[in-house]
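Summary of the model geometry
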Amino acid sequence: MKEADIEQSWYSFLKKEFTKDYFKELKKIVINEYQNKCIYPPHSLIYNAFNLTKIEEIKVVILGQDPYHGQGQANGLCFSVPNNQEIPPSLRNIFKELKEDLSIQPPRNGSLNHWANEGVLLLNSILTVESDKANSHKGIGWETFTESVIKLISLKMDNIVFLLWGKYAQNKEPLIDCKKHLILKASHPSPLSSYRSFFGCKHFSKTNSYLINNGKQKIKW
């Protein structure tokens, strides 16, 4: 886990964060975890969300909780899985809403790399997890780091769309300046809650309308 592993624009953006005591302690913990346990995503993909979406290219931020904890699932992007993995239930529901909203046919795989390349930062609050132990890296420092990322994006950028799906993501709302950015909220796309307000939220079309109205290119979902 090296700060140098993160894309250069992000490294410059977050340089001060990397020098803070909490991050130094977080780094020690994560290195030890990878040396002694089975941790996901692969070490090289911890900062994948940042490396695929440069800071100056961000148009949308989608917030997740922590990586998938099954073998081969986590790829460093929230809700996303590698091409060879079965599409998880929440992501199936995301694709279902996308089809209903914009008539886009669901892809055959669950990789969201193309969203990341379009300017969608797919940010988990916690960037690592132990195999088969959901939320196992809660409280070790990742939340402090990613909350700083959200605050910096809110402060330094303009007209970003934040998609907050579920209570966990919505708890991050106070970090975002609603006067500068668009915040869209709905229930989590999980099968347990998607029926509450996720289905029918039309967040994908609302996002593109906002971007176009603010002089930006729409996302090719």
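Right above here is the structure, for reference.
Structural notes, computed from the coordinates. Quantities reported herein were computed from a predicted structural model and do not represent experimental measurements. (Residues numbered from 1 in each chain as written. Predicted model: local features only at pLDDT ≥ 70, side-chain atom pairs only at ≥ 80, totals over all residues. Heavy atoms only, no water.)

Attention now moves to the overall build of the protein. Tallying secondary structure elements over the protein gives nine helices and six strands in all. A compact globule built from 221 residues should have a C-alpha radius of gyration of about 17 Å, and the protein, at 17 Å, falls within 12% of that. Taken along the three principal axes of its C-alpha coordinates, the protein extends 45 × 35 × 25 Å. The burial tally for the protein puts 52% of its 221 residues in the buried class. When the accessible area of the protein is evaluated, it comes to approximately 10700 Å², of which 48% is carbon and sulfur surface. Here the protein holds 29 positive side-chain charges and 22 negative ones, and the gap between their average locations is 4 Å. (Helix = DSSP H or I, 4+ residues; strand = E, 2+ residues; numbered from the N terminus. Rg over C-alpha atoms; globule rule 2.2 N^0.38 Å. Buried < 20%, exposed > 50% of the residue type's maximum accessible area, 1.4 Å probe, protein only. Areas by Shrake-Rupley, 256 points an atom, 1.4 Å probe, with all protein chains shown as cover. Lys, Arg positive; Asp, Glu negative; His and termini not counted. Charge placed at Lys NZ, Arg CZ, Asp CG, Glu CD.)

Taken as a whole, helix 1 (residues 8-18) has its buried residues at Ser9, Trp10, Phe13, Leu14, Glu17 and Phe18. Seen along its axis, helix 1 keeps its buried residues to an arc of 155 degrees; they face one direction. What points out from helix 1, more than 90 degrees from its buried face, is the exposed set Gln8 and Lys16. Tucked inside the fold, the buried residues of helix 1 contact helix 2 (21-36), helix 3 (48-52), strand 3 (120-124) and helix 6 (142-156). (Arc of directions from axis to C-beta. Contact = heavy atoms within 4.5 Å.)

Along the chain, leucine 184 turns up in strand 6 (residues 182-186). Each C-alpha atom, one on leucine 184 and one on phenylalanine 13, is 25 Å from the other, the two residues being 171 residues apart in sequence.

Contact geometry for helix 4 (residues 89-102) and helix 9 (residues 203-213): axes closest at 8 Å, N-to-C directions at 60 degrees. Classified by the angle their axes make, helix 4 and helix 9 are oblique. Residues Ile94, Glu97, Leu98, Asp101 and Leu102 of helix 4 form the contact with helix 9, whose own contacting residues are His203, Phe204, Ser205 and Asn208. Class assignment for the residues of the contact of helix 4 with helix 9 results in four nonpolar, three polar and two charged. (Axes fitted to C-alpha atoms, helices over the stretch in contact; angles between N-to-C directions. Parallel < 35°, antiparallel > 145°, perpendicular 65-115°, else oblique. Nonpolar A, V, L, I, M, F, W, Y, C, P; charged D, E, K, R; others polar.)

Turning our attention to the packing of aromatic side chains. A full pass over the atoms with the stated rule returns 19 aromatic pairs. Relative to tryptophan 142, the ring of tyrosine 47 has its centre 6.5 Å away and its plane inclined at 80 degrees; by these criteria the two rings are edge-to-face. In this pair, tyrosine 47 sits in the loop between strand 1 (39-40) and helix 3 while tryptophan 142 sits in helix 6, placing the two residues 95 residues apart along the sequence. Judged on exposure class, the residue tyrosine 47 and its partner tryptophan 142 are both buried. Taken together, a centroid distance of 6.2 Å and an interplanar angle of 65 degrees make the contact between tryptophan 165 and phenylalanine 204 edge-to-face. Of this pair, tryptophan 165 sits in strand 5 (residues 161-165) while phenylalanine 204 sits in helix 9, placing them 39 residues apart in sequence. When its relative accessible area of 2% is taken as the criterion, tryptophan 165 is described as buried. Classification of phenylalanine 204 as buried rests on a relative accessible area of 0%. An aromatic cluster is present here, built from Trp10, Tyr11, Phe13, Phe18, Tyr22, Phe23, Tyr47, Phe50, Trp142 and Phe145 joined pairwise through their rings. Lysine 96 extends its terminal NZ or CZ atom over the ring of phenylalanine 199, reaching a point 5.0 Å from the ring centre. (Phe/Tyr/Trp six-rings, centres within 6.5 Å; stacked < 30°, edge-to-face > 60°. Lys NZ or Arg CZ within 6 Å of the ring centre and 35° of its normal.)

Just distances and angles here, no functional claims.
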